[in-house]
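Letter by letter, the chains look like this.
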Amino acid sequence: MSSAYRGRFAPSPTGPLHFGSLIAAVASYLDAKSRGGEWLVRVEDLDPPRVVRGAAADILRTLEACGMPWDGAIVYQSTRSDAYHAALHRLRQRGVIYPCACSRREIADSAVAGIEGLVYPGTCRGGIAAGKTAHALRVDTRGADIMFDDAVQGPVRQNLETAIGDFVLYRADHVFAYQLAVVVDDTEQGITDIVRGADLLDSTPRQIYLQQLLGYATPRYAHIPVAVNAQGEKLAKQTRAPAIDARTPLPELVAALRFLGHAPPREIAEAREARSAAAIASLWQWAIANWRIERVPRRIRDS
């Protein structure tokens, strides 16, 4: 992996770009550009039932309207099956993954609650019971105690076996799990720094564990606070987060910067020609020069 900074923004095309996603885009873009690095865009269209037709193109158009050009070609996870298969083969050769035949009901009957639902108890680690058929592939997490320092959230430690359990890498519906795909893609794209929402903080130990098993380098991580609505729900398509208006993106960009602990000067934030490329360019010039990751709050407190 190159020592030069290389960051990325990886939206899922489940709907248009909204404020919650814009925050992640702005933070990752600024962290890359303020350090003279590259900023890549990857479309995480791994799960076909969740993909909304036309959403990826709409997200890319909105990024362009916001004055956020990306470096290199767009990578689409839907075209990357061969790379994910190869990673699974490497893990199988190491003897760290195994087929699982457990149904959801069987897991629910024998599992305990973890940080993201039920902790798989390792029922199929020793082999599948007679008469059963494998539905998925899981990775063995025994002894996996993961620690890392997050640039925003500070030190993080997670015991995967007790907090998560043996997690799925290949699903029963023949879809590769996000945790595997993102690790393979980040490595093959040479990503050195990952700036994303704190809703993915609990996923990071799983990704670091897979990096270790596959012999990959571990990027630096920074997990920014997550924007929520008036009910305290994360802004998302499911919570009806409104789309960014690509015709007048300046106010949303200013709001995103303020959310991230960076307040632009009034003459920039309140530019009369808010729709003009010049006004947006002035905002980015100021933001890149003044970006400091240490100013980003760990979490947003209620007012």
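Everything discussed here concerns the structure shown above.
Residues numbered from 1 in each chain as written. Predicted model: local features only at pLDDT ≥ 70, side-chain atom pairs only at ≥ 80, totals over all residues. Heavy atoms only, no water.

**Focus: the packing of aromatic side chains**
- Applying the stated criterion across every chain, the model contains seven aromatic pairs.
- When the centroid spacing of 6.2 Å and the interplanar angle of 90° are considered together, the rings of Phe-19 and Phe-259 count as edge-to-face. Taken together, the positions of Phe-19 in helix α1 (residues 19-33) and Phe-259 in helix α8 (residues 250-259) put the pair 240 residues apart, joining distant regions of the chain.
- Residue classification places Phe-19 among the buried residues on the basis of a relative accessible area of 17%.
- Residue Phe-259 is classed as buried on the basis of its relative accessible area of 15%.
- Among the aromatic residues, those joined into a ring-pair cluster are Phe-9, Tyr-29, Trp-39 and Trp-284. (Phe/Tyr/Trp six-rings, centres within 6.5 Å; stacked < 30°, edge-to-face > 60°. Helix = DSSP H or I, 4+ residues; strand = E, 2+ residues; numbered from the N terminus. Buried < 20%, exposed > 50% of the residue type's maximum accessible area, 1.4 Å probe, protein only.)

**Some details on the pairing of strand β11 (residues 193-197)**
- Of all five residues making up β11, five are buried, and the element is well covered by its neighbours.
- Here five bridges tie β11 to strand β12 (residues 220-224), and the two strands are oriented parallel to one another. Following the sheet pairing, Asp-193 is matched in β12 by Arg-220.
- As for the winding sense of the linkage, the β-α-β connection from β11 through helix α7 (residues 204-214) to β12 is right-handed. (Pairing = 2+ DSSP bridges. Right-handed = clockwise from strand over helix to strand, strands pointing away.)

**Quick word on the pattern of salt bridges**
- Applying the stated criterion across every chain yields a total of 22 salt bridges.
- With its nearest N and O atoms 3.8 Å apart, the salt bridge here joins Asp-58 to Arg-61. A residue pair is termed a helical-turn pair when its members lie 3 or 4 positions apart in one helix, as Asp-58 and Arg-61 do in helix α2 (residues 55-65) at three residues.
- Classification of Asp-58 as partly exposed rests on a relative accessible area of 27%.
- Residue Glu-161 is joined to Arg-125 by a salt bridge in which the shortest nitrogen-to-oxygen separation is 3.6 Å. One end of the pair, Glu-161, is in helix α5 (residues 160-163); the other, Arg-125, is in the loop between β6 (117-119) and β7 (136-139), with 36 residues separating them in the sequence.
- Each of Arg-8, Arg-42, Glu-44, Arg-80, Asp-185, Asp-186 and Glu-188 takes part in one network of salt bridges that share partners. (Salt bridge = Lys/Arg side-chain N within 4 Å of Asp/Glu carboxyl O.)

**Focus: the nonpolar core**
- Leu-22, Val-26, Trp-39, Leu-63, Met-68, Leu-260 and Trp-284 are the most contacted members of the largest nonpolar core, which totals 47 residues.
- Taken together, the elements giving at least two residues each to this core come down to α1, β2 (38-43), α2, β12, α8, α9 (266-269) and α10 (277-290).
- Sorting elements by how many residues they give to this core places α1 first, with 10 residues.
- Among all residues touching Val-26, those that are not within four sequence positions of it are Met-68, Leu-253, Ala-256, Leu-257, Leu-260 and Trp-284.
- Formed by 38 residues, the second largest nonpolar core is a distinct cluster that contains Ala-144, Val-175, Ile-194 and Tyr-209. (Core = buried A, V, L, I, M, F, W, Y, C linked by side-chain atoms within 4.5 Å. Contact = heavy atoms within 4.5 Å.)

**A word on α1**
- Taking 1.5 Å of rise per residue, 15 residues should cover 21 Å, and α1 covers 21 Å from first to last C-alpha, within 8% of that figure.
- Counting buried residues along α1, 12 of its 15 residues qualify, which places the element largely inside the surrounding structure.
- Taken together, the buried positions of α1 are Phe-19, Leu-22, Ile-23, Ala-24, Ala-25, Val-26, Ala-27, Ser-28, Tyr-29, Leu-30, Asp-31 and Ala-32. (Expected span 1.5 Å × (residues − 1).)

**Focus on the sheet that holds strand β1 (residues 6-9)**
- Ordered in space as β1-β2-β3, the three strands form an open sheet in which the pairing is parallel. Of all strands in the sheet, those bounded by a partner on one side alone are β1 and β3 (75-76).
- Examined bridge by bridge, β2 and β3 share two bridges and lie parallel to one another. Looking at β3, one finds that Arg-42 is bridged to Val-75.
- The sheet contacts of α1 involve β1 and β2, and relative to β2 the element is tilted by about 150°. (Axes fitted to C-alpha atoms, helices over the stretch in contact; angles between N-to-C directions.)

**Overview of the packing of α1 against α8**
- Between α1 and α8, the shortest axis-to-axis distance is 9 Å and the interhelical angle comes to 70°. As the angle between them shows, α1 and α8 are arranged roughly perpendicular. Within the contact between the two elements, α1 uses Phe-19, Leu-22, Ile-23, Val-26 and Leu-30 and α8 uses Glu-252, Leu-253, Ala-255, Ala-256, Leu-257 and Phe-259.
- In the contact of α1 with α8, the residues fall into 10 nonpolar, no polar and one charged. (Parallel < 35°, antiparallel > 145°, perpendicular 65-115°, else oblique. Nonpolar A, V, L, I, M, F, W, Y, C, P; charged D, E, K, R; others polar.)

**Comments concerning the sheet that holds strand β10 (residues 168-170)**
- Spatially, β4-β7-β10 is the arrangement adopted by the three strands of the open sheet, whose pairing is antiparallel. The two strands at the open ends of the sheet, each matched to only one other strand, are β4 (97-100) and β10. Taken pair by pair, the neighbouring strands of this sheet meet at an average axis angle of 45°, ignoring direction.
- Where β7 lies against β10, two bridges are found, and the strand directions are antiparallel.

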